[in-house]
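# Survey of secondary and tertiary structure
These are the residues of each chain, in order.
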Amino acid sequence: MEEKKFILNSFEKMVVNATKCGDYLVMGTCFFSDKISNSRFNQNLFLSSLKILQKRHEILRSYIKIFGSDMYFVPHEEDVSSRIKFSWLDLTNEQVSREKLMSETANFNSILFPHGQSDLLWRAQVIEFKKKEKFNYILNFVFLAIADGMFSSLILVETVGILNRLLNGKEIDEKIIQISENMNIMCEKRGLWKEHHMEMVKKMAQRDIAKFNLSPQLRTGESGFQVDMFYIDSEKSNQIMSFSKKNNVRLTSYFYTASFYALKKLYDENSIVFPSRITCELPVCLRFRYQPEMDFTECRLHTTMVSFSSEPEKFGKFENFWQDSQYMHSLILENTSSETGTLFSLSHNDELEEYNRVFLRSENLTQVLETLSSEVVSDLALSNLGPYVDKYVKEEEGNFEINEMYCTDPVNSDPCISCGLIIHLIYWKGKIMVDLGANKSLIGSKFFKRYKQLLLDTIDETLQ
């Protein structure tokens, strides 16, 4: 019988390689609790839900096989439920702060995956704690190159749904969900990629992209990943959306502009000169651009990345927030077009393979880090999953419900080979969920905390 395997595209191979340095893992996080009583579930029940999840999703039974410069996802033919990596952290006997929960979550997200020939490409963690004497839970999933934000969010909802069904003795859907083709293949199959786009990709590669790296003055000698997850209440979330609509900008443009305004304030407070040009890195989900659209149950990275820089005369005075947001909006539209092909400036660029060849040529990771860290063009990235998870992924009825949901990518490399500060947004149950993640080697924890407050202050100022 011929081995079943699915080839990775250049972007996925880049992600696999970068995870060796501690970057580009994808983590989905949710806070959930019993809305009916104060039920507590045990580790065995949760492990049962993971086994069901693994049986349902072929990608969760798979590993990476390498042939020379090629990589493949290969499903295990035998039962591999015994290989599930799952940890349970019981903090119910402690007075737990939000900061402590964030620290534990960051630590779990930062653990490197083994790169053996048969290791699974995901792991899960439950943190159990008490809030006002009520049992609460955090569920963390970490994925190696098999999930984008949409799929990781679906897995969170699906897992809590399975828990509810197990608790209530309800029948569980055992439909098998197979591995989808990679993003490049799907772009061709579903009509998104056109031959004339290659000319645009080549043109985009010749653009003048400014380097926007965080100032060395923000470093404190720390290392590792730090994360903070919080939500904006419904009233303020509605205000943000209303003000943005009134000023003809989308939420992505609004938050990216607010993020730079907050960073400018941090620079000013510390007497640091702010760069004359900014450069943005923006992930763009293709699931809704495919025809037909792609369901969230389908795995893999169906998200591409675009980079673009501002012009000094059009952005940098920080005097008119909404005017700057509109300029940001125009830049995003220009650089994420599936009609002109600007959307494919990275995903279909041959330079990705050059990035991957660095790993093949280098004798060790130290050499890789030295080579790639010099090529980072932006230290501030923003990803907006929007309202799609809230709209299309429905929770199962039952005791447990998800109150907060987040997505993040760890940045641990030192020296850093990807962005130093990354922001993820999700709209969930009427609230905007915000995830701030940062590499401590580029922005120390005291500056990171201050940046969060400056971002919140900036948001408040825009709503006055």
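This is a predicted model, so every value here is computed, not measured.

## Quick look at the sheet that holds strand S5 (residues 86–90)
In spatial order, the strands read S5-S6-S7-S2-S12; together these five strands make up an open sheet with mixed pairing. Lying at the two open borders of the sheet, with one neighbouring strand each, are S5 and strand S12 (400–408). Within this sheet the neighbouring strands show an average axis-to-axis angle of 15 degrees, counted without direction. One ladder, built from eight bridges, connects strand S2 (residues 26–34) with strand S7 (residues 134–143); its direction is antiparallel. Bridged to Ser33 within S7 is Asn136. Sheet contacts for helix H3 (residues 98–110): S2, S5, strand S6 (122–131), S7 and S12; angle to S6, the most-contacted strand, approximately 170 degrees.

## Digging into the pattern of salt bridges
For the coordinates displayed, the defined rule picks out 27 salt bridges. Among the salt bridges present, the one from Lys4 reaches Glu58, with a minimum N-O distance of 2.7 Å. Taken together, the positions of Lys4 in the segment before strand S1 (6–7) and Glu58 in the loop between helix H2 (43–56) and strand S3 (62–67) put the pair 54 residues apart, joining distant regions of the chain. According to the relative accessible area criterion, Lys4 is partly exposed, its value standing at 36%. By relative accessible area, Glu58 is classed as buried at 5%. Of the charged contacts in the structure, one is a salt bridge between Arg40 and Asp90, with a shortest N-O distance of 3.5 Å. Taken together, the residues Arg40 in the loop between S2 and H2 and Asp90 in strand S5 connect sequence positions 50 residues apart. Within this structure, Arg40, Asp90 and Glu128 form a network of salt bridges that share partners.

## As for the side chain of Glu128
Within the fold, Glu128 resides in strand S6. Classification of Glu128 as buried rests on a relative accessible area of 2%. In this structure Glu128 touches Arg40, Trp88, Leu89, Asp90, Leu91, Thr92, Phe135, Asn136 and Tyr137, once residues within four positions along its chain are discounted.

## Some remarks on unusual backbone geometry
Looking along the chain, the bond that leaves Gln291 and enters Pro292 is cis, with omega of 0 degrees. Within the fold, Pro292 resides in the loop between strand S9 (279–285) and strand S10 (303–309). Between Asp414 and Pro415 the backbone carries a cis peptide bond, its omega angle lying at 0 degrees. Position of Pro415 relative to the elements: it lies in the loop between S12 and strand S13 (421–428). You will see that Tyr24, though not glycine, has its phi angle at about 70 degrees, which is positive. With relative accessibility at 25%, the residue Tyr24 sits in the partly exposed group.

## Remarks on the state of the cysteines
Here the structure, examined in full by the defined rule, presents zero disulfides. With no disulfide of its own, Cys21 lies closest to Cys416 among cysteine sulfurs, the gap being 10 Å. The cysteine Cys285 is free of any disulfide, with Cys187 supplying the nearest cysteine sulfur at 11 Å.

## Structural notes on the layout of surface pockets
Considering only enclosed or pocket space, the largest pocket measures out at about 1000 Å³ in volume. Considering the residues around the largest pocket, the lining is formed by 43 residues, among which Pro283, Val284, Cys285, Ser383 and Asn384 are closest to the centre. Counting residues per element, the ones that place at least two in the lining of the largest pocket are helix H1 (10–19), helix H4 (149–168), helix H8 (251–269), S9, S10, helix H9 (321–335), strand S11 (380–384) and S13. Looking at the lining of the largest pocket element by element, the count peaks at five residues for S9. Among the residues making up the lining of the largest pocket, the classes are represented as 25 nonpolar, twelve polar and six charged. Empty space within the second largest pocket amounts to approximately 840 Å³. In terms of lining residues, the second largest pocket is bounded by 29 residues, among which Ser307, Leu346, Glu351, Glu375 and Val377 are the most central. Secondary-structure elements contributing two or more residues to the lining of the second largest pocket are H1, helix H6 (197–205), S10, helix H10 (351–361) and helix H11 (365–373). Looking at the lining of the second largest pocket element by element, the count peaks at six residues for H10.

Conventions we followed
- Residues numbered from 1 in each chain as written.
- Predicted model: local features only at pLDDT ≥ 70, side-chain atom pairs only at ≥ 80, totals over all residues.
- Heavy atoms only, no water.
- Pairing = 2+ DSSP bridges.
- Helix = DSSP H or I, 4+ residues; strand = E, 2+ residues; numbered from the N terminus.
- Axes fitted to C-alpha atoms, helices over the stretch in contact; angles between N-to-C directions.
- Contact = heavy atoms within 4.5 Å.
- Salt bridge = Lys/Arg side-chain N within 4 Å of Asp/Glu carboxyl O.
- Buried < 20%, exposed > 50% of the residue type's maximum accessible area, 1.4 Å probe, protein only.
- Disulfide = S-S within 2.5 Å.
- 1 Å grid on protein atoms, 1.4 Å probe; cavity = no way out; pocket = protein on both sides within 12 Å on 5 of 7 lines; lining within 4 Å.
- Points joined across faces, edges and corners; volume = space filled by probe spheres on them.
- Nonpolar A, V, L, I, M, F, W, Y, C, P; charged D, E, K, R; others polar.

The analysis is restricted to geometry; functional conclusions fall outside its scope.
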